[in-house]
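# Structural overview for review
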Amino acid sequence: MLFVKETEIISKTFLFDGFSHEEVASLLEEIYFEKINFSKGDIIFSPKSFRRALGIILSGRVIVKKGELTVSELAVGDLFGAAALFNNEATYVSTLTARTDGTVIFFTEEAVRTLTEKNAGIGMNYIRYLSGRIRFLSGEVDMLSEVTPARRILRYLSGKAEEGGKVRISMTELASRLSIGRATLYRELTRLEEDGAVSRDGKDIIVLRSYEQTIPNEDKQCSD
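The shown structure was predicted, so the numbers you read here are calculated from the model rather than taken from an experiment. (Residues numbered from 1 in each chain as written. Predicted model: local features only at pLDDT ≥ 70, side-chain atom pairs only at ≥ 80, totals over all residues. Heavy atoms only, no water.)

### Description of the sheet that holds strand β11 (residues 204–207)
With antiparallel pairing, the three strands of this open sheet are ordered in space as β9-β11-β10. Because the sheet does not close on itself, it has two edges, and the strands there are β9 (166–168) and β10 (198–201). Averaged over all pairs of adjacent strands, the angle between their axes in this sheet comes to 25 degrees, without regard to strand direction. In this structure, β10 lies alongside β11, joined through four bridges in antiparallel fashion. By the bridge assignment, S199 is partnered in β11 with I206. Packed on one face of the sheet, helix α7 (residues 182–194) meets β10 and β11 and runs near 115 degrees to β10. (Pairing = 2+ DSSP bridges. Helix = DSSP H or I, 4+ residues; strand = E, 2+ residues; numbered from the N terminus. Axes fitted to C-alpha atoms, helices over the stretch in contact; angles between N-to-C directions. Contact = heavy atoms within 4.5 Å.)

### Quick notes on the pairing of strand β4 (residues 62–66)
Taken together, the five bridges between β4 and strand β5 (residues 69–74) define a ladder with antiparallel strand orientation. In the sheet register, V64 faces β5, and the bridge partner there is S72. Connecting the antiparallel pair β4 and β5 is a turn made up of two residues, with G67 showing a positive phi of about 65 degrees. Strand direction decides the pairing type here: β4 and strand β7 (residues 95–98), joined by four bridges, are antiparallel. Each bridged residue has a counterpart across the sheet, and for I63 the counterpart in β7 is T97.

### Considering helix α1 (residues 4–11)
Considered for burial, the residues of α1 that qualify are E6, T7, I9, I10 and S11. Those residues of α1 that are buried are in contact with α2 (21–28), β1 (33–38), β3 (53–59) and β8 (102–108). (Buried < 20%, exposed > 50% of the residue type's maximum accessible area, 1.4 Å probe, protein only.)

### Quick look at the packing of helix α5 (residues 149–160) against α7
Two elements in contact, α5 and α7, have axes whose closest approach is 9 Å; the angle formed by their N-to-C orientations is 75 degrees. With respect to their mutual orientation, α5 and α7 come out roughly perpendicular. Between α5, through P149, A150, I153, L154 and L157, and α7, the contact on the second element is made entirely by T184, L185, E188, L189 and L192. Tallied by class, the residues present in the contact of α5 with α7 amount to eight nonpolar, one polar and one charged. (Parallel < 35°, antiparallel > 145°, perpendicular 65-115°, else oblique. Nonpolar A, V, L, I, M, F, W, Y, C, P; charged D, E, K, R; others polar.)

### Points about the pattern of salt bridges
One pass over the structure, following the stated rule, counts 11 salt bridges. Ionic pairing is found between E109 and R113, a salt bridge with its closest N-O pair at 3.5 Å. Of this pair, E109 and R113 are both found in helix α3 (residues 109–118), four residues apart, which corresponds to roughly one turn of the helix. By relative accessible area, which is 18% here, E109 ends up buried. Taking the relative accessible area as the measure of exposure, R113 reaches 27% and is therefore partly exposed. Salt-bridge contacts for R187 lead to E188; the nearest nitrogen and oxygen are separated by 3.6 Å. Overall, R187 belongs to the partly exposed group, its relative accessible area being 46%. By relative accessible area, which is 5% here, E188 ends up buried. Through salt bridges with shared partners, a single network forms among R61, E73 and R99. (Salt bridge = Lys/Arg side-chain N within 4 Å of Asp/Glu carboxyl O.)

Worth remembering: the numbers are spatial, not functional.
Printed below as a string of structure tokens:
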């Protein structure tokens, strides 16, 4: 059983973009789903233990890790599990751990197939989502392939910066996210500050010159 607030959360996800709350409620009556509660610390998905299902977080927060690397943190309304669908792979791509108590609704592979086959709009929304994931992962590869730690740091921060260039992230998380040591991270951040590319304000890092603004200038200087 879904509460009204939970249905509203689901209706606001990319999958049901363009559909009214009432239309989503009607669609959910036609497919099978499971609503599962998790406690803080529970493993939701792991490489060897996962569901062939698409999950939507209805409450709580979830940490996504690839090995020891923290990839992202998911919150209410975020989806996961697309890599578990429509393939015969025996393992999943990452480990998802409940950071807090929470609830997830799971749509089985068959349910997703039914939704996309019967509703062209949902099918297109799902394709757009997968296309966006490809672009995101391509950007992650580009970021991790940067030849120097400073370039990697600035590229990551530029991509995460909010209005005003602000990025709120702990040094531990940033070092883990970029796969570099904390000593290297502090040294390179200091260099970026001295170069006027970033500044630090408490727990916030402010991007003053984005990767796109800074790196072409560096490349030009290297070629001169």
